[in-house]
Amino acid sequence: MTTRRNFIKSAVCTGAIPWLHGNASGMDTPCEGRKIRYAGWQVGLTYQSGRPQGLDREYLMRLLDEMAAHRMNLLSLMMQSYAWFDPEHDGYAWPLQNPALRPYRDTVCLNAHPDTEFVREIIQAAADRKIEIHFFLNWGIWNPERIRQGYPSARVQENRKGESKGWLHCPDTPDGWQAGLDELEDLLSFYDHPNVKGFAFERVGYQGRDYCFCPDTRARFMADTGANMTAAPEAAIETWKQNRVARLLAEYASHARRRRPDLTLGLHTQCAPGWGHNAARLPSCGVDFVLPHTIQYEETEASLHVLLRRLEPNPCVLHFCTRDKRPENYSLWIKTPEIIHQAFAWVQRYPGNNLSGFLFFNEPATSPANKNAVYENLKWFDW
């Protein structure tokens, strides 16, 4: 019998499709569709929602009807926000069960209160429209002061000088790792519905080549290699990171599937150096597909094709940025319909066979003009 995971891995395109020139905008227009598995929106329930209480039932019901009208089959719900990028919202967007997580509940979020929670209804409404629900969390990107109320030893990643920036926490701190496992368990247990088909996450790993050198990571490196991390060659650190993160990803995937054995797991990554993600090893870690940043920052057709090649053999559901609203502390490439159209052309011309679909982000921060560009260009794909 074909399993769900095998189906996803096989439901990718088999080659490039010829393109024709000459539409009114001067852009390229495809002559026929290219086969994909997923087409859908990712929605920050609170993140960049532009609403003091986050999104509500009526907003998501309208979106589901719109998605169904355009044959979309995937709705991903981002269930946290962080004031580092969105000062209006910070924390988790569902009614938390674990006492250690509760200090990080977004108390102004409508869905985070038991008496006004509505996402359970949305999950069933999506099933009625043949739209899968996936959840999404940004592992380790937490407000340090608030997450430490329940997990005191959680630590933001540090460079060689002991300096930190941003909010990405270290997976080598016991409480940091436990917080990530607990948030996953809490979310999947609260939304235990058969139409919750998948879960994706960013990122379980390190911030880059210069991070992390905190005491816990240095102690782990010494225990694993017998060497001093601060004196080790860059190549040795990169090898260790890939081995370390492979073990962490496998543990994280196993933890998710103890709750839901049939769950499809996606990892938001470009497998950039320093993160610890090795594309060739991800399938053996339990990762079913990857969601690489796509036109998040300014890029070219060549750079996009190189990225997708680097991620082989993993099926790629492109985390395709459509936003024309920039978050705080984020040098986002502001999108226009013309940029979106051109990026679709680049994707269509990609000659590899690991394209599995699109997850457009973030719907509440995308203008009607950009949304229309998405729907118009999706007509050239088949799923």
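See the structure printed just above.
Computed from a predicted structure; not experimentally measured.

Q: Outline the overall build of the protein chain, listing residues and values.
A: Check the secondary structure of the protein chain and you find ten helices and 17 strands. Once the C-alpha set of the protein chain is aligned to its principal axes, its extents read approximately 60 × 50 × 45 Å. Across the protein chain, contacts joining residues at least 24 apart in sequence account for 75% of those joining residues at least 6 apart.

Q: Explain the packing of aromatic side chains residue by residue, including any values.
A: Within the structure shown, the criterion is met by 29 aromatic pairs. Centroid distance Y92 to W94: 5.0 Å. Interplanar angle 55 degrees. Geometry classified as tilted. Accessibility assignment for this pair places Y92 and W94 in one class, buried. When the ring of F135 is compared with that of Y191, the centres are 5.1 Å apart and the planes differ by 35 degrees; the resulting orientation is tilted. With F135 in strand 8 (residues 132-138) and Y191 in the loop between helix 5 (174-190) and strand 11 (196-202), this pair connects stretches of sequence that are 56 residues apart. The same class applies to F135 and to Y191, which are both buried. Clustering of aromatic rings is evident, with ring pairs tying together W41, F320, F344, F358, F360, Y375 and F381. For the cation-ring pair, R203 lies above W275, with the distance from its terminal atom to the ring centre recorded as 3.6 Å.

Q: Requested: an account of helix 3 (residues 119-128), with residues and values cited.
A: Within helix 3, burial applies to V119, I122, I123, A125 and A126. Considered in projection along helix 3, the buried side chains sweep an arc of 165 degrees and stay on one side of the axis. On its buried side, helix 3 packs onto helix 2 (57-69), strand 5 (74-78), strand 8 and strand 11. Phi turns positive one or two residues past the end of helix 3, at K130, with a value near 60 degrees.

Q: Outline the side chain of D86, supporting the account with residue identities and numerical values.
A: Tracing the sequence through the fold places D86 in the loop between strand 6 (80-81) and strand 7 (91-92). No salt bridge is formed by the buried D86; its nearest oppositely charged neighbour, K325, is found at 6.6 Å. Setting aside residues up to four positions removed in sequence, D86 forms contacts with T46, Y47, Q48, S49 and S81.

Q: Can you break down the environment of A250 residue by residue, with the values?
A: Here A250 is to be found in helix 7 (residues 234-259). For the pair A250 and A219, spaced 31 residues apart in sequence, the C-alpha to C-alpha distance is 21 Å.

Q: Give me the lowdown on unusual backbone geometry, citing residues and values where you can.
A: Looking along the chain, the bond that leaves E202 and enters R203 is cis, with omega of 10 degrees. Each neighbour pair has its own omega, and for F361 with N362 the value is -5 degrees, a cis peptide bond. Positive phi values are uncommon outside glycine, yet V204 reaches one of about 50 degrees. Even without being a glycine, N329 presents a positive backbone phi close to 55 degrees. By the secondary structure assignment, N329 is in the loop between strand 15 (316-321) and helix 9 (337-349).

Q: Give a description of the pairing of strand 5 that names residues and reports values.
A: For strand 5, the buried fraction is high: five of the five residues fall into the buried class. Here strand 5 shows no split at all, with L74, S76 and M78 on one side and L75 and L77 on the other all buried. Where strand 4 (residues 38-44) lies against strand 5, five bridges are found, and the strand directions are parallel. Looking across to strand 5, one finds that Q42 is bridged to S76. In this structure, strand 5 lies alongside strand 8, joined through five bridges in parallel fashion. Along strand 8, the bridge assignment pairs L77 with F135.

Thresholds, definitions, all that
Residues numbered from 1 in each chain as written. Predicted model: local features only at pLDDT ≥ 70, side-chain atom pairs only at ≥ 80, totals over all residues. Heavy atoms only, no water. Helix = DSSP H or I, 4+ residues; strand = E, 2+ residues; numbered from the N terminus. Contact = heavy atoms within 4.5 Å. Phe/Tyr/Trp six-rings, centres within 6.5 Å; stacked < 30°, edge-to-face > 60°. Buried < 20%, exposed > 50% of the residue type's maximum accessible area, 1.4 Å probe, protein only. Lys NZ or Arg CZ within 6 Å of the ring centre and 35° of its normal. Arc of directions from axis to C-beta. Lys, Arg positive; Asp, Glu negative; His and termini not counted. Salt bridge = Lys/Arg side-chain N within 4 Å of Asp/Glu carboxyl O. Pairing = 2+ DSSP bridges.

Bear in mind that shape data such as this cannot, by itself, settle questions of function.
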